[in-house]
Amino acid sequence: MNLDFSDDQKQLQDQIRRYLTEKCTPAVVRSGLEGGEPFARDLYRGLAEMGVLGVAIPEAYGGVGLSHLELCLAAEELGRALAPVPVASSIYLAAEFLLQAGTEAQKKAWLPRLASGEAVGTFAFVEGQGRMTPDKIAAAVRDGRLTGAKSPVPDGDIADLAIVAARSGAGRGEMAISLFLVDLNGPGAARETLTSIDPTRSQARLVFDGAPAERLGGEGEGWAIASQVMDRAAILMAFEQVGGADRALEMARDYALDRMAFGRQIGSFQAIKHMLADMYVSATLARSNCYYGAWALASGSSELPVAAATARVSATQAFQHCAKNNIQVHGGMGFTWAFDCHLFYRRSNALALALGSLSTWEDLLIERLRGANTQAA
Amino acid sequence: MDFEDTSEEAAFRAEARAWIQANAPKHLEAELKRAGFASSGIESEDPLAAGKAWQKKKAEAGWACLNWPKEYGGGARSPIERVIWGQEEGIYGALSSPLIIGHGMCGPTVMAWASEDHKRRLLPPLASGEEIWCQLFSEPAGGSDLAGLRTSAVKAEDGSGDWIINGQKIWTSGAQYSQWGLLITRTNPDAPKHKGLTMFFLSMSTPGIEVRPIKQANGQSGFNEVYFTDVRIPDDQRLGAVGQGWEVSLTTLMNERLSIGSGMSTGFPELFEFCLEAEVDGRPAVDDSAVRSRLAQFAVKQSGLKYTGMRAITALSKGETPGPENSIGKLVAGATMQELAMFALDLQGQAGVVQDESSPMNARFQQILMRSPATRIEGGSDEILRNIIGERVLGLPGDIRVDKDVPFRDIPTSGRK
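Conventions used here
- Residue positions within a chain follow its written sequence, with the count starting from 1.
- Here every chain gets a letter starting at A, and every ligand a number starting at 1, in the order they are written.
- Restriction of local features to residues with pLDDT of at least 70 applies here, the model being predicted, together with a cutoff of 80 or more for giving and counting side-chain atom pairs; totals for whole chains, interfaces and linings are based on all residues.
- Helix numbering and strand numbering both begin at the N terminus, where a helix is a DSSP run of H or I of at least 4 residues and a strand a DSSP run of E of at least 2.
- Throughout, radius of gyration means the C-alpha value; the globule benchmark is 2.2 Å times the number of residues raised to the power 0.38.
- For the exposure call, what matters is how many other C-beta atoms sit within 10 Å of a residue's own: 20 or more marks it buried, 12 or fewer exposed, and in between partly exposed, using C-beta atoms placed from the backbone.
- Each residue gets a C-beta atom placed from its backbone, and two residues are in contact if those atoms lie within 7 Å.
- An arc is given here, and it is the one of the directions from the helix axis to the C-beta atoms.
- Residue-level confidence of the predictor is what pLDDT reports, using numbers from 0 through 100.
- Every axis corresponds to a line fitted to the C-alpha atoms, with the helix fit spanning only the stretch in contact, and the corresponding angles, defined between N-to-C directions, vary from 0 to 180 degrees.
- An angle below 35 degrees is treated as roughly parallel, one above 145 as roughly antiparallel, one from 65 to 115 as roughly perpendicular, and anything else as oblique.
- Left-handed describes a crossing in which the near helix is turned anticlockwise from the far one by less than a right angle; the clockwise case is right-handed.
- Side-chain classes are defined by residue name, with Ala, Val, Leu, Ile, Met, Phe, Trp, Tyr, Cys and Pro counting as nonpolar, Asp, Glu, Lys and Arg as charged, and the others, Gly among them, as polar.
- Here the expected length of a helix is defined as 1.5 Å per residue gap, with one fewer gap than residues.
- Two strands pair under a simple rule: DSSP has to find at least two bridges between them.
- Structurally, a nonpolar core is described as a collection of buried Ala, Val, Leu, Ile, Met, Phe, Trp, Tyr and Cys residues joined by way of C-beta atoms within 7 Å.

## Considerations on the overall build of chain A
Across its full length, chain A holds 11 helices and 9 strands. By the compact-globule yardstick of 21 Å for 377 residues, chain A fits well, its C-alpha radius of gyration being 21 Å. Along the longest, intermediate and shortest principal axes, the C-alpha atoms of chain A span 75 × 55 × 40 Å. Counting only residues that meet the buried cut, chain A has 56% of its 377 residues in that class. Counted over contacts in chain A with a minimum sequence separation of 6, partners at least 24 positions apart contribute 74%.

Right, dumping it as structure tokens:
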């Protein structure tokens, strides 16, 4: 029984934390929020040089060739630091799509550039409001040309490569959807940045008008591949959320120790103490569920779909819970622009929707537990 | 990261499994499997006798109190081996529930504080289940505020050195069938509350002790009141120094909260099974999106507890002490099982009010509903556990206290200001 990371892995995590503490300062996180660059290019380059971006990408494709366990810990640190970089879009999603479904040529063409940070990738999936279903996808590819619009696309304004879910071929329902690689700097692709609740990770609307599109994976397999890759990304995202939850809890704890009211530290009041204890409980349950997810991801277990939904539901709630109560513990100061509480609040609510909302993942979890139950019986 | 045993652990597991396979009381298996909540549920024979018989068998083969030293009747095994044993013992472990307080709390306290002679006399029969112990701590005036207890121990005036005990304990599990009790008393009401306490052990057949069962809100009687009227005990039954009782009690309470690999059940597997069967609007309940959302909430709590337990076991397996994350088990499980029971009854509609053989899953959810309020109180209430997490894990300051550094006799109590 070993539900823990190795000492080497923890050492790597420490190294990433030290780097981010130094380089990913509140000023860097706020840049996108205050009209600066849409993402921290220097920080992203630095993470690439440390090998963080390519940590789980094989050496043959320009990566470091370690495992997804290391990537989980990197994700935790990126979440903790609120890093304003497109690692989720480019690595958890784009690189993972290529690894899972790419041809040798596609992997060779893109993975080294994603691992080095030279190119940024993203997944262009959503069209409009509500839970995504195959029917909602109107974007279509004919004769290798993509037409349609995707919105919101995380990091779509800064990405070079989009993996686009679009209609193609004669299949129906899920089988009508295929995936395509589209060069966003090429012809027929336009983009605009969207105003969002969390500008530290930007969102964009992408419009395609006959953009050259190269299929990734088999025709009609797009929905199935996307489900698999989103499960894998959900576990990594859950680690980001747990990192953010822990940091928000620490901020609240530190403030409760520091702030005096009614002649005493506010952390000595049970109303505050119990709120913090409940935040600790949420964060701890989520961390344990994330470790289950990490195990499933690294071992290729058949439990991965259940583990992914479990980690995702648990971590979404923990981060939202800790971020909102962090503001509450800070009182009025927590609602000022100057304090960082709102950065965690923004990120927690944005990540809660990325990859599908909480209710979507709750539904997936029970559907999958039911499937597992039927199989067992 | 893996869920595999080391080769030593696997060997131990195989040995334990083989012995259990050959020796467990198989005739009770069916009853134990459909057991009600919070008891072994044995009805075909006396549950206490069944528990003692199983414990005796284990003791004779060296499987009792695995982590205790051999000279005190234990198995001298590692903490991780104890966890593996628990996993293999499975449903049969419930048979030993009348012995848990003795093994988990009183035994470790005796081991830490009693004389060598007493340890050799008291611990082996405790390990083998021949003698049962109870914990005489809580009082009407001291539950969460344990140090507010008022049961007095006064030196006998005859110069014998004996102590005379007067007062009342409450919420004492198993007092009616215990041979021994671990008793905390107030020996100095002039000292501040935590400093005037002294710990003893005593035979429950000492003259002057009266045990009265408490009828609980759910109709069962697992707890008792214990009255002490001029109960005389010799000074050599004292554990720790006079006035050191609080420190001694912390040994007991720390053991109480150190339930490793907790994985406390929340009732989720049963709820999920029920939702596959039950119907909402003519479809299986599990297909209803509102039901799914609630189920998912319960699922991630159950799973979070399970893997938190596994993280603790991992620490044990590496020879480390599990971290404070272990303190969340009962806090989460208690509240979750209560909400879960209410939800299960809600799905049963108006028929959910019925608690008889027609109720789904042997009326398990009705039982959980009626038992779970106690889970949120016993062994540290939700509020005390949140204080512990806040103060010991997160490092928050204690509450400002009006009863500190005040002689105990000057502290206001209910009905006396």
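Right, picking up where we left off after that structure.
## Structural notes on the overall build of chain B
Along its length, chain B carries 12 helices and 10 strands. In terms of overall dimensions, chain B is globule-like: its C-alpha atoms have a radius of gyration of 23 Å, near the 22 Å expected for 417 residues. Over its C-alpha atoms, taken along the principal directions, chain B stretches across nearly 75 × 55 × 45 Å. Put simply, chain B has 417 residues, and 42% of those count as buried. Here the analysis covers contacts within chain B between residues at least 6 apart in sequence; of these, 69% occur between residues at least 24 apart.

## A few points about helix H8 (residues 268–277) of chain B
All names here are of chain B. Taken residue by residue, H8 has Phe268, Leu271 and Cys275 as its buried positions. Projection of H8 onto a plane perpendicular to its axis shows the buried side chains occupying an angular sector of 60°, all on one side. Pointing more than 90 degrees away from the buried face of H8 are the exposed residues Pro269 and Glu277. Buried residues belonging to H8 abut helix H9 (289–317) and helix H10 (329–347).

## Some remarks on the confidence of the model for chain B
For chain B, the mean per-residue pLDDT works out to 90, and 95% of the residues sit at or above 70. Two summary scores accompany this predicted model of the complex, namely pTM at 0.94 and ipTM at 0.95.

## Details of the packing of H10(B) against helix H11 (residues 360–375) of chain B
All names here are of chain B. Put simply, H10 and H11 touch, their axes get as near as 8 Å, and they point 150° apart. When the axes of H10 and H11 are compared, the pair comes out roughly antiparallel. Read as a crossing pair, H10 and H11 show a hand that is left-handed. Across from Gly334, Met337, Gln338, Ala341, Met342, Ala344 and Leu345 in H10, the residues of H11 making contact are Phe365, Gln366, Ile368, Leu369, Ser372, Pro373 and Thr375. The class makeup of the residues in the contact of H10 with H11 is 9 nonpolar, 5 polar and no charged.

## Quick look at the packing of helix H5 (residues 87–101) of chain A against helix H7 (residues 222–258) of chain A
Residue and element names in this part refer to chain A. Orientation of H5 relative to H7, taken along the N-to-C sense of each, is 140°, at an axis distance of 9 Å. The angle between H5 and H7 falls in the class oblique. The interaxial crossing formed by H5 with H7 has right-handed handedness. Residues Ala88, Tyr92, Leu93, Glu96, Phe97, Gln100 and Ala101 of H5 pack against Ile225, Gln228, Val229, Arg232, Ala233, Leu236 and Met237 of H7. Residues of the contact of H5 with H7, tallied by class, amount to 10 nonpolar, 2 polar and 2 charged.

## Points about helix H8 (residues 270–299) of chain A
In this model, H8(A) (30 residues) spans 43 Å end to end at C-alpha, consistent with the 44 Å of a helix rising 1.5 Å per residue. At the C-terminal side of H8(A), A:Gly300 shows a positive phi close to 65°.

## Some points on the pairing of strand E5 (residues 197–203) of chain B
Residues and elements named next belong to chain B. Taking burial as the measure, the 7 residues of E5 include 6 buried ones, the bulk of the element. With 7 bridges connecting them, strand E4 (residues 180–186) and E5 associate as antiparallel partners. Residue pairing in the sheet places Ile184 in a bridge with Met199 of E5. The pairing of E5 with strand E8 (residues 238–239) spans 2 bridges and is classified as antiparallel. Across the sheet, residue Phe200 finds its bridge partner in E8, namely Arg238.

## Here's the deal with the nonpolar core
Core analysis: the biggest nonpolar cluster contains 226 residues, and A:Val164 and A:Val182 have the highest contact counts within it. Here this core takes 20 residues from H7(A), the largest share from any one element. Counting residues in each nonpolar core, the second largest holds 7 residues, with B:Ala24, B:Leu28, B:Trp54 and B:Tyr92 among its members.

## Concerning unusual backbone geometry
Across the chain, the bulk of peptide bonds are trans and the bulk of non-glycine residues have phi less than zero. Residue and element names in this part refer to chain A. Across the junction of Ser151 and Pro152, the peptide omega takes the value -5°, indicating a cis bond. You can see Pro152 is positioned in strand E3 (residues 145–154). You will see that Leu82, though not glycine, has its phi angle at about 55°, which is positive. Along the chain, Leu82 turns up in the loop between helix H4 (68–80) and H5.

## Here we look at the interface of chain A and chain B
Taken residue by residue, the interface counts 40 residues in chain A and 39 residues in chain B. For the side of chain A that touches chain B, the secondary-structure elements that each account for two or more residues are H7, strand E9 (264–265), H8, helix H9 (304–330) and helix H11 (358–376) of chain A. Per element, the largest residue contribution to the side of chain A that touches chain B is 17 residues, and it comes from H8(A). A class-by-class count of the residues in the side of chain A that touches chain B yields 20 nonpolar, 13 polar and 7 charged.

## As for the pairing of E3(A)
Residues and elements named next belong to chain A. Of the pairings in the sheet, the one linking strand E2 (residues 140–142) to E3 comprises 3 bridges and is antiparallel in character. Along E3, the bridge assignment pairs Ala140 with Thr147. Taking the residues that link successive antiparallel strands as the turn, the E2-E3 hairpin has 2 residues, and the phi of Asp143 there is positive, at about 50°.

## Looking at the environment of A:Val52
Residues and elements named next belong to chain A. Relative to the assigned elements, Val52 resides in the loop between helix H3 (41–50) and H4. Looking at Val52, the number of C-beta atoms within 10 Å reads 30, which means it is buried. Setting aside residues up to four positions removed in sequence, Val52 forms contacts with Ile16, Leu47 and Ala74.

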